[in-house]
Amino acid sequence: MPLLALDELRFTYSSPTLLDGVSLNVERGERVGLVGRNGAGKSTLMKLVAGLVQPDDGSVTFEDGAKVAYLTQHVPTDLAGTIFDRVAEGLGDLGTAVADFRRIDRLVQSGEASEEELSEHAEAVAAIGEHDGWDALHRIERTLGDMSLDPDGRFESLSAGMKRRVLLARALVDQPDLLLLDEPTNHLDIASILWLQDYLGRFDGTLMFVTHDRAFLRALASRIVEVDRGRLFDWTCDYDTFLARRDAQLAAEEQQQALFDKKLAEEERWIRRGIKARRTRNEGRVRALKKMREERRARRQKVGTARVQLQEAERSGALVAKAEGLEFAYDDLPIVDGLDVTIFRGDRIGLIGPNGVGKSTLLKLLLGELQPQRGAVRNGTNLQVAYFDQLRSQLDEEKSAVENVGDGRDFVEINGNKRHVLGYLQDFLFPPERARTRVGFLSGGERNRLLLAKQFTKPSNVLVLDEPTNDLDVETLDLLEELLQEYSGTILLVSHDREFLNNVVTSTLAFAGNGVVREYDGGYDDWLRQRAEAEPAAVTEPAPSPKRSLETTAPPKPSAKKLSYKDQRELDALPARIDDLEKRIADVHQTMSDPAFYQRDGQEIAAAKAELEALEAELAEAFERWESLDG
């Protein structure tokens, strides 16, 4: 039996049905990435699996004794207390009892316990001894240690990234067989994302997760399941293979629908011929036509792609901003210390650094919205700035999407063309009924698209984007990337999306700590490479523990050595061996991507999975050997 089985699952909030009779099996050890457009039903599917909502029809079943843990995409705002207490909650009542025992035990050990507390301590010791409490205590402490968490730290005082780490520890402490993660990278900085990616890479359970972070998806997912138009499409492959196969499938679907529509049109013309033809018509053909009409009405069209346009203003001067000896600090905490940088028209600059380090502050300094404490900033001429705020504070939650964009007008002007607000918002995937919805009821992805729509009505030659990628689906991200690549103005971009940075920016300002900001050519990967060359000790960026620096020390690269004849022969043969292994893996993926494959005998499915794992292990070993010989 699979670890998780969904059978003819059906769920709807309103028309159309969100999940329409979907089925899926998940085996132990799989890493399933759920993808799909905003609103397709990914989070709802996760909640159904977690048991937080009940299906209208169908069933969700697990292997006997399987434990499931769910990490929501939103960090609760009402949680407080020590980190130990929050993590212990993952063990239910036993965890609460262990947390109470620990609190009282610390008082006893310090000699500050009252007579009543001493009595409570004795009762607590007896209680947890009867219910495997000592094992629970050790598991909590081990989990806290593995995740570099201070058990006595206060949850409410942590950053968003550290709060998410605590909640992940709470989900993992009961050693779940299936871990459900809904947008785990949202609002995390790059260091925290890398830490989470590395930690989950070592997790030996089964993962099912939703993310719009393409680099995160590539690193972790071994199987892609797409939620689209009420159905599940099981691709059983990695993310890049999924993209290629999906594009081919959509092209085939489009061609098939075009042929169907052409045949339907021909049959409609036939049925509308003269009276004589109607008297002698074939009743079987009429019934077939009625069936085709019903099939056409039932067809659910794929959600279109947003058609986004930027309204560009007249060109700015060649100089956009020049900072010399820039210094700024909050309460003796340096944000920028002695920065010299020049920004020219057409530059696309990314800002990289941990949450709270001062990226938004630096943007305000460079744009003249905040005065430096020392040094100077000179801005160029004819600057027209459009600002995308990560907190979406420019949106009025009490007004509708139409009211936010139109500001009381029915029309907006885009690059000289007058557009009705409703028509303009449809370019951003807001149908009329959704465009009239109050912003407070829109999803995170919809709010981000709405803010883009609002800002892009304003002519600009400097575009400031502070975390624009949060909650956006992959298709909209791809489109936004293309749009920014074609933008002739200047772009200042704050983002923790590594692939987005790689695809958009031409240079990077990276915060190195203590107010030091360094400039690098290129995007995120270029920054990593240049930093490693300049500072050999800093080749990775793990997430910071509460008392650790961001920088880690890597072993020095060994000097090149002369290979023996045998080793040289092995090195020369490795490329062909790797190519053969990759082809064999692709063949197995192709076999397993067929939905009919999972209808086969269980032993045959297990044999195919075992073959795939063996081939992938052999491929990893071949790459490791290549690096060893070629180093």
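Residues numbered from 1 in each chain as written. Predicted model: local features only at pLDDT ≥ 70, side-chain atom pairs only at ≥ 80, totals over all residues. Heavy atoms only, no water.

In this section: the overall build of the protein. Scanning the protein for helices and strands turns up 21 helices and 20 strands. Among the 631 residues that make up the protein, the fraction classed as buried is 47%. Counted over contacts in the protein with a minimum sequence separation of 6, partners at least 24 positions apart contribute 67%. Summing over all exposed atoms, the protein offers an accessible surface of approximately 31900 Å²; the carbon and sulfur share of this is 47%. (Helix = DSSP H or I, 4+ residues; strand = E, 2+ residues; numbered from the N terminus. Buried < 20%, exposed > 50% of the residue type's maximum accessible area, 1.4 Å probe, protein only. Contact = heavy atoms within 4.5 Å. Areas by Shrake-Rupley, 256 points an atom, 1.4 Å probe, with all protein chains shown as cover.)

The phi dihedral of Ser 148 is positive, around 50 degrees, even though this residue is not glycine. Tracing the backbone through its elements, the reader meets Ser 148 in the loop between helix H5 (133-146) and helix H6 (160-172). We note that Asp 407 has phi near 50 degrees; this positive angle belongs to a residue other than glycine. You can see Asp 407 is positioned in the loop between helix H13 (401-406) and strand E15 (411-414).

Every α-helix winds through 3.6 residues per turn, so residues three or four apart in the chain are directed the same way. Between its first and last C-alpha, helix H16 (residues 444-455) extends 17 Å over 12 residues, near the 16 Å set by a 1.5 Å rise per residue. Of all 12 residues in H16, 11 are buried; the element is thus mostly enclosed. Buried residues along H16 sit against strand E14 (385-388), H13, helix H14 (421-426), helix H15 (432-435) and helix H17 (474-486). (Expected span 1.5 Å × (residues − 1).)

This part is about the sheet that holds strand E4 (residues 57-62). Strand order in the open sheet formed by 3 strands is E2-E1-E4, with antiparallel pairing between adjacent strands. Each having just a single partner strand, strand E2 (19-26) and E4 make up the two edges of the open sheet. Taking each pair of neighbouring strands and ignoring which way they run, the sheet shows an average axis angle of 10 degrees. On top of the sheet, helix H1 (residues 42-50) reaches strand E1 (4-11), E2 and E4; it is set at about 120 degrees to E1, its chief contact. (Pairing = 2+ DSSP bridges. Axes fitted to C-alpha atoms, helices over the stretch in contact; angles between N-to-C directions.)

In this section: the side chain of Thr 508. Assignment of secondary structure puts Thr 508 in strand E19 (residues 507-513). Engagement of the side chain of Thr 508 in a polar contact is seen with the backbone oxygen of Gly 522, the distance being 2.7 Å. Beyond its immediate stretch of four places on either side in the chain, Thr 508 contacts Gly 350, Ile 352, Arg 518, Glu 519, Tyr 520, Gly 522 and Gly 523. (Polar contact = N/O pair within 3.5 Å; in protein donor to acceptor, adjacent residues only side chain to side chain.)

For the rest of this paragraph, the subject is the pattern of salt bridges. Applying the stated rule across the entire model yields 29 salt bridges. The closest approach of N and O atoms between Arg 223 and Glu 30, which form a salt bridge, is 2.6 Å. In this pair, Arg 223 is assigned in strand E8 (residues 223-228) and Glu 30 in the loop between E2 and strand E3 (31-35), connecting sequence segments 193 residues apart. With respect to class, Arg 223 is no different from Glu 30; both count as buried. As a salt-bridge pair, Asp 152 and Arg 102 come within 3.0 Å of each other at their nearest N and O atoms. Here Asp 152 is found in the loop between H5 and H6, whereas its partner Arg 102 is found in helix H3 (residues 92-110), with 50 residues between them in sequence. Taking the relative accessible area as the measure of exposure, Asp 152 reaches 34% and is therefore partly exposed. (Salt bridge = Lys/Arg side-chain N within 4 Å of Asp/Glu carboxyl O.)

Further remarks concern the environment of Gly 90. Within the secondary structure, Gly 90 is located in the loop between helix H2 (83-88) and H3. Relative accessible area serves as the criterion here: at 23%, Gly 90 is assigned to the partly exposed category. Sequence separation between Gly 90 and Leu 167 is 77 residues, and the spatial gap between their C-alpha atoms is 8.9 Å. With residues near it in sequence (within four places) discarded, Gly 90 still touches Arg 170, Val 173 and Asp 174.

What follows is about H17. The end-to-end C-alpha distance of H17, which contains 13 residues, comes to 19 Å, matching closely the 18 Å that a straight helix rising 1.5 Å per residue would cover. Along H17, the residues that are buried comprise Val 474, Glu 475, Thr 476, Leu 477, Leu 479, Leu 480, Glu 481, Leu 483 and Leu 484.

Another aspect to go through is a negative patch on the surface. A cluster of like negative charges, contributed by Asp 7, Glu 8, Asp 56 and Asp 57, occupies part of the molecular surface. Residue classification places Asp 57 among the partly exposed positions, given a relative accessible area of 47%. (Patch = residues over 30% accessible without salt bridge, like charges linked within 9 Å, V, L, I, M, F, W, Y side chains within 5 Å. Lys, Arg positive; Asp, Glu negative; His and termini not counted. Charge placed at Lys NZ, Arg CZ, Asp CG, Glu CD.)

Moving on to empty space enclosed by the protein. Scanning the model with the defined rule gives 5 cavities of 30 Å³ or more in all. By volume, the largest cavity is sized at about 150 Å³. Forming the boundary of the largest cavity are 18 residues, of which Thr 185, Asn 186, Asp 213, Thr 469 and Asn 470 lie nearest the centre. (1 Å grid on protein atoms, 1.4 Å probe; cavity = no way out; pocket = protein on both sides within 12 Å on 5 of 7 lines; lining within 4 Å. Points joined across faces, edges and corners; volume = space filled by probe spheres on them.)

Interaxial distance between H3 and H5 falls to 10 Å at its minimum, and their mutual angle equals 80 degrees. Classified by the angle between their axes, H3 and H5 sit roughly perpendicular to one another. Seen from H3, the contacting residues are Leu 94, Val 98 and Phe 101; seen from H5, they are Gly 133, Trp 134, Ala 136, Leu 137 and Ile 140. Taken together, the residues of the contact of H3 with H5 break down into 7 nonpolar, 1 polar and no charged. (Parallel < 35°, antiparallel > 145°, perpendicular 65-115°, else oblique. Nonpolar A, V, L, I, M, F, W, Y, C, P; charged D, E, K, R; others polar.)

On to the packing of aromatic side chains. According to the stated counting rule, one finds 7 aromatic pairs in the structure shown. Between Phe 328 and Tyr 330, the aromatic rings sit 5.0 Å apart at their centres with planes inclined by 85 degrees, giving edge-to-face as the arrangement. Given the relative accessible area of 8%, Phe 328 is considered buried. Joined through ring pairs, the aromatic side chains of Trp 235, Tyr 239 and Phe 242 make up one cluster. The ring of Phe 84 has Arg 102 sitting right over it, with the charged end atom 4.4 Å from the ring centre. One cation-aromatic arrangement involves Lys 418 over Phe 411; the distance from NZ or CZ to the ring centre is 5.2 Å. (Phe/Tyr/Trp six-rings, centres within 6.5 Å; stacked < 30°, edge-to-face > 60°. Lys NZ or Arg CZ within 6 Å of the ring centre and 35° of its normal.)

As a further point, take the environment of Ile 83. In this fold, Ile 83 is placed in helix H2. Spatially, the C-alpha atom of Ile 83 lies 9.3 Å from that of Leu 167, the residues being 84 residues apart in sequence. When sequence neighbours within four positions are dropped, the list of residues in contact with Ile 83 reads Leu 144, Leu 149, Asp 150, Pro 151, Gly 153, Phe 155, Leu 158 and Val 166.

A few words on the nonpolar core. One finds Ile 140, Leu 168 and Leu 179 to be the most contacted residues of the largest nonpolar core, which totals 50 residues. Of the residues forming this core, the biggest block, 7 residues, is contributed by H6. When sequence neighbours within four positions are dropped, the list of residues in contact with Leu 168 reads Leu 71, Met 147, Leu 179, Leu 181, Trp 195 and Leu 196. Phe 430, Val 439, Leu 477 and Tyr 524 belong to the second-largest nonpolar core, a separate cluster that totals 42 residues. (Core = buried A, V, L, I, M, F, W, Y, C linked by side-chain atoms within 4.5 Å.)

All right, on to the confidence of the model for the protein then. In the predicted model, the protein carries a mean pLDDT of 81, and 84% of its residues have values of at least 70. For the protein, the element scoring lowest by mean pLDDT is helix H10 (residues 275-279), at 47; strand E7 (residues 206-210) scores highest, at 95. Contacts from residues 538-560, a stretch scored under 50 in pLDDT, to residues over four places away or in other chains number 39 contacts. (pLDDT = per-residue confidence, 0-100.)

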